[in-house]
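Take a look at the letters that make up each chain.
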Amino acid sequence: MKKSRKAGIAAVLASVLMVSACQENNVVDNGGLQTLGEETVTTTLTAETEETTEETTTTTATTTTAATTTTTTTPEETTAPETEETPEETTAAPAPVIVTAATSAAAVPAATQAPSTTTAPRTVSVPKSTTKAHVSGYQFGSTKYEIKHDLEYMRKLNTDFIGWLTIKDTPIDIPVVQASDNKYYLEHNFYGEYDYTKVGTTFADCHVPVTATSRPDNLVIYGHNIRTGVGLAKITNYYPARYGSLNFYITHPTITYESIYGGQSTYVVFAGMFVNTETKHGDVFNYYKFRDFSSESLFYQYFEEVFDRSVFYNPDLDIKYGDTFLTLSTCYYPMGANIDTRFVVFARQVRSGETKITSKNAYINKSPKYFDYYYKANGGSWAGRKWSESLMQGYSEWKKKNS
């Protein structure tokens, strides 16, 4: 790729502040990371302001105490703005994946705040009958009607419902909604009622609507990180800094997502990263803005940035242009309530013909790309790009052609 084009895409990747809307309880655990007493970090990256659609909310944060092997966390998630292009369809029913069982979690409740009057409640209708289906681990907020893994039943309860997300043997066994903005479900329960517990509802990014005929190449899903394990709290278990091992990843390498439009699909996790959202603390990577990949160049340059920051690698997995992805994002504050950070997990849809997924050879990345505040508190610096080019099919050829 020509240098000018590279610079343009790099600017997009590095620009724009992330809009935050997280609210947490008390800070209990720093996840093994150091924090600074005073905030004196110099900004080394410039960023432009992103156009937002009512997606700003005050933040107060928290982290959690961890048990061995399982977790209970604290924060919650927010989202990102900007209008985007329409998606392409990708459905494909994958072959079964062999996974080992894992562990789950438990916990405690959240905070309260006065309701917002900026958004109107969603219409909720009560179904006349229900099908037998297991009840979800989603137990917080109103229990007017059961939240159960029954797509037809859930769709009748709320027309914003688009699918069901599951990570086996964890509380992530939950409905996913999509609204016309990325703020509403931060503070509303599945029934469209203001949620004083601040648990909200796990939701898909609004910028590329999921329909019967289309969905984004990369479906970004946001969820709060609540101490009880509700929402997407458990994805922070993929971060080896929490327990010093990759045990959670090795035993939970897959995610299941069932769409109301396209049946059930299995996704295999291939990367996870701990990122900063504010330029005053250093590097900001706007992972949430890449929902469709209109060219190979955009695809490879985006995932270069993902692999640079990934805290682990699995040499037995790769990704390729044309794959379909699921990105799960939650707030995570191991460096303190005032350092607005996220933990993000990336998974690709299992391809047709893949019958077994191996996670036993996964290893920790000892030098992922972090941000100024992290290095100021913990020492060290990024050692540069060290991951194997074989993690992306066709990447080496593309790189030679465009260097």
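Residues numbered from 1 in each chain as written. Predicted model: local features only at pLDDT ≥ 70, side-chain atom pairs only at ≥ 80, totals over all residues. Heavy atoms only, no water.

Turning next to the overall build of the chain. Looking only at helices and strands, the chain has six helices and ten strands in total. Here the chain, with 403 residues, has 58% of them falling under the buried criterion. Long-range contacts, defined here as pairs at least 24 residues apart, represent 79% of the contacts in the chain between residues at least 6 apart. Approximately 16,100 Å² of the chain is accessible, and the part contributed by carbon and sulfur atoms is 50%. (Helix = DSSP H or I, 4+ residues; strand = E, 2+ residues; numbered from the N terminus. Buried < 20%, exposed > 50% of the residue type's maximum accessible area, 1.4 Å probe, protein only. Contact = heavy atoms within 4.5 Å. Areas by Shrake-Rupley, 256 points an atom, 1.4 Å probe, with all protein chains shown as cover.)

Moving on to the nonpolar core. L165, Y238, I255 and F303 are the most contacted members of the largest nonpolar core, which has 85 residues in total. Sort the elements by how many residues they give to this core and strand 6 (residues 263-276) lands first, with eight residues. Sequence-distant contacts of I255, defined by excluding residues within four places in its chain, comprise L165, T166, I167, S265, T266, Y267, V269, L326, L328, V345 and A347. (Core = buried A, V, L, I, M, F, W, Y, C linked by side-chain atoms within 4.5 Å.)

Moving on, we get to the confidence of the model for the chain. Mean pLDDT over the chain: 75, with 64% of residues reaching 70 or higher. A low-confidence stretch, residues 37-121 (pLDDT under 50), is modelled with 303 contacts involving residues beyond four sequence positions or located in other chains. Of the regions scoring below 50 in pLDDT, residues 123-132 engages in 18 contacts with residues more than four places distant in sequence or in other chains. (pLDDT = per-residue confidence, 0-100.)

By secondary structure assignment, the location of T251 is in helix 3 (residues 247-251). Residue class for T251 comes out buried when judged on its relative accessible area of 14%. With 82 residues separating them along the chain, T251 and D169 place their C-alpha atoms 9.9 Å apart. Separated by 2.8 Å, the side chain of T251 and the backbone oxygen of N247 make a polar contact. (Polar contact = N/O pair within 3.5 Å; in protein donor to acceptor, adjacent residues only side chain to side chain.)

Moving on, we come to the pairing of strand 6. In terms of burial, strand 6 is largely enclosed, as twelve of its 14 residues are buried. Bridge count between strand 5 (residues 254-259) and strand 6: six bridges; the pairing is antiparallel. Within strand 6, the position partnered with T256 by the bridge is T266. Counted along the chain from strand 5 to the antiparallel partner strand 6, the turn is three residues long. When strand 6 meets strand 9 (residues 341-349), the two strands line up antiparallel, connected through nine bridges. Bridged to M273 within strand 9 is V344. (Pairing = 2+ DSSP bridges.)

Further remarks concern the pattern of salt bridges. All chains considered together, the criterion is met by 13 salt bridges. Between R351 and D318 there is a salt bridge whose closest N-O contact spans 2.9 Å. Of this pair, R351 sits in the loop between strand 9 and strand 10 (363-364) while D318 sits in the loop between strand 7 (312-313) and strand 8 (325-331), and the two are 33 residues apart along the sequence. Where R348 meets E354, a salt bridge forms, and the shortest distance between an N and an O atom there is 2.8 Å. E354 matches R348 in its accessibility class, with the two residues each being buried. Three or more residues are tied together by salt bridges with common partners; here these are D283, E305 and R309. (Salt bridge = Lys/Arg side-chain N within 4 Å of Asp/Glu carboxyl O.)

What follows covers helix 6 (residues 395-402). For helix 6, the full list of buried residues reads Y395, W398 and N402. One face of helix 6 carries all of its buried residues, which in axial projection span an arc of 65°. For helix 6, exposure combined with an orientation more than 90 degrees from the buried face picks out E397, K400 and K401. (Arc of directions from axis to C-beta.)

Time to look at the environment of K320. For K320, the location among the structural elements is in the loop between strand 7 and strand 8. We classify K320 as partly exposed; its relative accessible area is 30%. For the pair K320 and Y300, spaced 20 residues apart in sequence, the C-alpha to C-alpha distance is 8.8 Å. Not counting residues up to four positions away in its chain, the partners in contact with K320 are F299, F325, R351 and Q393.

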